[in-house]
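Examining the three-dimensional arrangement
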Amino acid sequence: MGNQNNQCAMNVIPGRSGRAGRRIDWRMFVCLISLSLIAAYNQEEMLQKFTSRAEQATAKKYIDQLRSRDFAEIEKAAAPSITSASLESTLTQMATLMPAGPPISVQLVGVHRDTSTSDGVKVNLTYEYHYPDRWVLANVATRTKNGETSIVGLYVRPEATSLESQNRFTLSR
């Protein structure tokens, strides 16, 4: 008999003919189907459901401006909370972390949306940029209030390999 505490258990029950037969418990079936659906679901498709194309275009526009060292629009859109005398210097440091050439690929890897604030809607998008010699994570956080969008955060971090590779499940040490 299966373990009663395990909800995904396989039970052996007698068949109609008196012989012992195997039957997969319905809970096991539900678990297997759920895991199959989760595994088959594309991460990027799931993330797309939490952000609009316009929000993504805005974030990518700011990242592209950073890459091309066109800081004027970023500085203009920066919220007072991140505006300082050192903003241009900080943007320059971030821009040096991103290669000048075009990326091989760009993938949305993170979305956080906060719609329950009195400050408006906050959207935090993270993209993974793949370049020939490195990977770069670029994060843009925006706040939209009364139809005005401002940048409340911008972050760039180089990576040696992709997030998928870093987080790959393995049984080896």
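Please read all numbers here as calculations on a predicted model, not as lab measurements.

Here is what the cut-offs are and how they apply
- Residues numbered from 1 in each chain as written.
- Predicted model: local features only at pLDDT ≥ 70, side-chain atom pairs only at ≥ 80, totals over all residues.
- Heavy atoms only, no water.
- Helix = DSSP H or I, 4+ residues; strand = E, 2+ residues; numbered from the N terminus.
- Contact = heavy atoms within 4.5 Å.
- Areas by Shrake-Rupley, 256 points an atom, 1.4 Å probe, with all protein chains shown as cover.
- Core = buried A, V, L, I, M, F, W, Y, C linked by side-chain atoms within 4.5 Å.
- Buried < 20%, exposed > 50% of the residue type's maximum accessible area, 1.4 Å probe, protein only.
- Arc of directions from axis to C-beta.
- Salt bridge = Lys/Arg side-chain N within 4 Å of Asp/Glu carboxyl O.
- Pairing = 2+ DSSP bridges.
- Polar contact = N/O pair within 3.5 Å; in protein donor to acceptor, adjacent residues only side chain to side chain.
- Expected span 1.5 Å × (residues − 1).

So, about the overall build of the protein. Within the protein, the regular secondary structure consists of 6 helices and 6 strands. Taken from the N to the C terminus, the helices and strands of the protein come in the order β-β-α-α-α-α-α-β-β-β-β-α. Contacts in the protein between residues at least 24 apart in sequence constitute 47% of all its contacts with a sequence separation of at least 6. Of the roughly 11,700 Å² that the protein leaves accessible, carbon and sulfur atoms contribute 53%.

A word on the nonpolar core. Judged by nonpolar contacts, the single largest core of 25 residues is most densely connected at Leu66, Leu91, Met98 and Tyr129. Elements supplying a minimum of two residues to this core: helix H3 (53–67), helix H4 (72–77), helix H5 (87–96), strand E4 (120–130), strand E5 (135–145) and strand E6 (148–159).

Here the focus is H5. Listing the buried residues of H5 in full gives Leu87, Leu91, Met94 and Ala95. All buried residues of H5 lie within an arc of 100° about the axis, which places them on one face of the element. Residues of H5 that are buried make contact with H3, H4 and E6.

With that out of the way, let us pick up the pattern of salt bridges. Applying the stated criterion across every chain, the model contains 4 salt bridges. Residue Asp64 is joined to Arg67 by a salt bridge in which the shortest nitrogen-to-oxygen separation is 3.2 Å. Note that Asp64 and Arg67 are positioned in helix H3 at a spacing of 3 residues, about one turn of the helix. Judged by relative accessible area, Arg67 falls into the buried class, the value being 16%. A salt bridge links Asp133 to Arg134, with the nearest nitrogen and oxygen atoms 3.6 Å apart.

On the secondary structure map, Gln65 appears in helix H3. With 30 residues separating them along the chain, Gln65 and Ala95 place their C-alpha atoms 9.2 Å apart.

Counting buried positions along E5 yields 8 of 11 residues, so the element is predominantly enclosed. By the bridge criterion, 10 bridges tie E4 to E5 in an arrangement that is antiparallel. When the bridges of E5 are listed, Tyr127 appears paired with Ala138. Counting the residues in the hairpin turn of E4 and E5 gives 4 residues.

In this section: the side chain of Glu159. Structurally, Glu159 is set in strand E6. Looking at Glu159, its side chain comes within polar contact range of the side chain of Arg157, at 2.4 Å. With residues near it in sequence (within four places) discarded, Glu159 still touches Arg134, Trp135, Leu137 and Gln166.

Let's shift gears to H3. Every α-helical turn comprises 3.6 residues, leaving residues that sit three or four positions apart pointing alike. For H3, built from 15 residues, the straight-helix expectation of 21 Å at 1.5 Å per residue is met to within 8% by its first-to-last C-alpha distance of 21 Å. Those residues of H3 that fall on the buried side of the exposure criterion are Gln56, Ala59, Tyr62, Ile63, Gln65, Leu66 and Arg67. Positive phi appears at Arg69, one or two residues downstream of H3, with a value of about 60°.

All we've got here are geometric facts, nothing functional implied.
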